[in-house]
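If you want the building blocks of each chain, they are given just below.
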Amino acid sequence: MVNKNILRIISDIPENVKLVAISKTKSAEDIMMAYETGQRVFGENKIQEMSAKYEDLPKDIKWHMVGHVQSNKIKYMAPYVDLIHGIDSLKSIKILNKEGVKNNRILNCLLQLKISKEESKFGLGEKQFKEIIHSDEYKEMKNVKIKGLMAMASNTNEKSIIRSEFVHAKKIFDEINNRDKSFEILSMGMSNDYKIAIECGSNLIRLGSLIFGERNY
Ligand SMILES: *Cc1c(COP(=O)(O)O)cnc(C)c1O
């Protein structure tokens, strides 16, 4: 099923939209089934699980951290992580830069914008988001790069709410991208809202259950 799901999704989405297969809680066998179809980008939300899978699985897999990142966990992913989606403080960016220096890498990340009113969602308000991007402090850091914006819509069946949240994210993304083309990734869309996200301009979707089936925690 996993391979069929991936191939169906890939053939359905526009070419400029990249897929992160969210493999949290899923086995190495499931991941390898996706890998066999050519999928190379996988996402996890727990550092221990991601590092264990990084050790066990082929080294050409690109690992994305999609969960909320506690700054004290950054050092564990810094040696190998490809993209960190859920950054929402200057403090974390400073630690990314420090760990980037230690590992002789440029650590790529996305800043998370809060677009939902739900208390449980992380992310920065529009004002803080722009303050960080345009801060001299960030501009001076050489080993961390903010590659774009990540956002999560409200968990609702009201499509109009989801759409207006994604439209808001796209507007802020465009404002920054217009000035800086290296701010190029717009990560939004999960299994239940990725079609709306793509219509609203997403170029990176994060799909878990649609590929691997429901998760059993
Ligand atoms: C789990 C998770 C996903 C995938 O969710 P599905 O609904 O299974 O597609 C996407 N993004 C983040 C940040 C996640 O934690």
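Quick caveat, the model's predicted, so the values are computed rather than measured.

What counts and what doesn't
- Residues numbered from 1 in each chain as written.
- Predicted model: local features only at pLDDT ≥ 70, side-chain atom pairs only at ≥ 80, totals over all residues.
- Heavy atoms only, no water.
- Buried < 20%, exposed > 50% of the residue type's maximum accessible area, 1.4 Å probe, protein only.
- Helix = DSSP H or I, 4+ residues; strand = E, 2+ residues; numbered from the N terminus.
- Pairing = 2+ DSSP bridges.
- Right-handed = clockwise from strand over helix to strand, strands pointing away.
- Contact = heavy atoms within 4.5 Å.
- Near = heavy atom within 4 Å.
- Polar contact = N/O pair within 3.5 Å; in protein donor to acceptor, adjacent residues only side chain to side chain.
- Nonpolar A, V, L, I, M, F, W, Y, C, P; charged D, E, K, R; others polar.
- Arc of directions from axis to C-beta.
- Axes fitted to C-alpha atoms, helices over the stretch in contact; angles between N-to-C directions.
- Parallel < 35°, antiparallel > 145°, perpendicular 65-115°, else oblique.
- Left-handed = near helix turned anticlockwise from the far one by under 90°.
- Salt bridge = Lys/Arg side-chain N within 4 Å of Asp/Glu carboxyl O.

Asker: Just give me the short version of the pairing of strand β2 (residues 41–44), but keep the residues and values in it.
Answerer: Here β2 shows a buried face lined by V41 and G43 and a second buried face lined by F42 and E44. Note: strand β1 (residues 18–22) against β2, two bridges, orientation parallel. Across the sheet, residue I22 finds its bridge partner in β2, namely G43. At this point the chain moves from β1, through helix α2 (residues 28–36), to the parallel β2, and the crossover so formed is right-handed. Between β2 and its parallel partner strand β3 (residues 62–68), the chain crosses via helix α3 (residues 47–56), and the hand of that crossover is right-handed.

Asker: Account for the environment of I61, naming residues and giving values.
Answerer: Assignment of secondary structure puts I61 in the loop between α3 and β3. Note: C-alpha distance between I61 and V41 (20 residues apart in sequence) is 5.9 Å. The contacts of I61, once residues within four sequence positions are left out, are I31, Y35, R40 and F42.

Asker: Kindly report on unusual backbone geometry, identifying the contributing residues and their values.
Answerer: The residue T25 is not glycine, and still its phi comes out positive at about 70°. Here T25 lies in the loop between β1 and α2. At N104, a position not held by glycine, the phi torsion is positive, near 55°. Within the secondary structure layout, N104 lies in the loop between α5 (90–102) and β5 (107–113).

Asker: Outline the site of the ligand, listing residues and values.
Answerer: For the ligand, the full set of nearby residues is I22, K24, V66, M150, M152, M190, S191, R206, L207, G208, S209 and R215. Within the side chain of S191, one N or O atom sits 2.5 Å away from an oxygen atom of the ligand. Within the contact set of the ligand, a nitrogen atom lies 2.9 Å away from a side-chain nitrogen or oxygen of R206. When its residues are assigned to classes, the shell around the ligand shows six nonpolar, three polar and three charged.

Asker: Quick rundown of helix α1 (residues 2–12)? Include the residues and the values.
Answerer: Those residues of α1 not exposed but buried are V2, N5, I6 and I9. Seen end-on, α1 carries its buried residues on one side only, within an arc spanning 95°. Turned more than 90 degrees away from the buried face of α1, the exposed residues are K4 and S11. Looking at the packing, one finds that the buried side of α1 touches β1, α2, β8 (204–207) and α10 (209–212).

Asker: Provide a residue-level description of the side chain of K26, including the pertinent values.
Answerer: With respect to the helices and strands, the residue K26 is situated in the loop between β1 and α2. Ignoring sequence-local partners within four residues, the contact set of K26 consists of I31, E49, K53, F212, G213, E214 and R215.

Asker: Describe the packing of helix α6 (residues 126–133) against helix α8 (residues 159–179), with residues and values.
Answerer: In a packed pair of helices, the relevant descriptors are the angle between the two axes and the axis-to-axis distance. At a minimum axis distance of 12 Å, the contact between α6 and α8 shows a crossing angle of 20°. In terms of axis orientation, α6 runs roughly parallel to α8. Where α6 crosses over α8, the two elements pack in a sense that is right-handed. Side by side, α6 and α8 meet where E126, F129, K130 and I133 of the first sit next to H168, K171, I172, E175 and I176 of the second. Residues belonging to the contact of α6 with α8 are distributed by class as follows: four nonpolar, one polar and four charged.

Asker: Account for the pattern of salt bridges, naming residues and giving values.
Answerer: A complete count under the given rule lists 12 salt bridges for this structure. K102 is the partner of E99 in a salt bridge, and the nearest nitrogen-oxygen pair spans 3.2 Å. Of this pair, E99 and K102 are both found in helix α5, three residues apart, which corresponds to roughly one turn of the helix. On the basis of relative accessibility, which here comes to 61%, the residue K102 falls in the exposed class. Here K170 ties to D174 by a salt bridge, and the two come within 2.8 Å at their closest N and O atoms. In this pair, K170 and D174 are both assigned in helix α8, four residues apart and thus about one turn of the helix distant. We classify K170 as partly exposed; its relative accessible area is 23%.

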